[in-house]
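# Structural characterization, general
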Amino acid sequence: MMKKVVLLMILSFMDIPVRISSTDEYLNLFSAVAQDEMRLYGIPASITLAQGILESNSGKGRLSIEANNHFGIKCHDWTGATIYHDDDTAQECFRKYKDAKY
């Protein structure tokens, strides 16, 4: 299991789409990042992970797979890469990230 988690982490940082098959895998893959963010910003890792699981369907949603956007963050004055996806209305603009951490 540990080898699989390490491989998934390496692939996610190499800008290669990572397919996650379960919520447990999602937690294993992103818990360290959530804990780092908790130390930086004070948001509990459990809240960050729960929101990521909800918004991304445990990393299986289109936005997380194709855009590394695990929180459904829309463009709103964004000048970086984008992806269009149906949400509240058809073809809304969402941010696209080089990896899931940013």
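Computed from a predicted model, the values in this text were never measured in an experiment. (Residues numbered from 1 in each chain as written. Predicted model: local features only at pLDDT ≥ 70, side-chain atom pairs only at ≥ 80, totals over all residues. Heavy atoms only, no water.)

### Observations concerning a nonpolar patch on the surface
As a reminder of what qualifies: Grouping into patches uses exposed residues only, defined as over 30% relative accessible area, and leaves out salt-bridged ones; the cut-off is 9 Å for like charges and 5 Å for nonpolar side chains (Val, Leu, Ile, Met, Phe, Trp, Tyr). In short, Shrake-Rupley with a 1.4 Å probe defines the accessible areas, and a residue's cover is counted only from the protein chains shown. Here, a salt bridge means any Lys or Arg side-chain nitrogen found within 4 Å of an Asp or Glu carboxyl oxygen. Secondary structure counts use DSSP, requiring at least four H or I residues in a row for a helix and at least two E residues in a row for a strand, with both numbered from the N terminus.
Taken together, the side chains of Leu 40, Tyr 41, Ile 43 and Ile 47 make up a nonpolar region of the molecular surface, amounting to roughly 460 Å² of accessible area. Examined against the element boundaries, Tyr 41 turns out to sit in helix α2 (residues 23-41).

### A look at the packing of aromatic side chains
To be explicit about the condition: Here a pair means two rings of Phe, Tyr or Trp (six-membered ring of Trp) with centres within 6.5 Å. Their orientation is stacked below 30 degrees between planes, edge-to-face above 60, and tilted elsewhere. Partly exposed residues are those whose accessible area sits between 20% and 50% of the maximum for their type, while under 20% is buried and over 50% is exposed, using a 1.4 Å probe and protein chains only.
For the structure shown, the criterion picks out two aromatic pairs. Consider the rings of Tyr 26 and Phe 30, whose centres lie 4.9 Å apart with planes at 50°: the pair is tilted. Of this pair, Tyr 26 and Phe 30 both sit in helix α2, four residues apart, which is roughly one turn of the helix. Residue class for Tyr 26 comes out buried when judged on its relative accessible area of 2%. Phe 30 sits in the buried class, given a relative accessible area of 12%. Where Trp 78 meets Tyr 97, the ring centres are 5.5 Å apart and the plane angle is 65°; that geometry is what we call edge-to-face. Placement of Trp 78 in the loop between α4 (62-67) and β1 (82-85) and of Tyr 97 in the segment after β2 (92-95) is noted, with a sequence separation of 19 residues between them.

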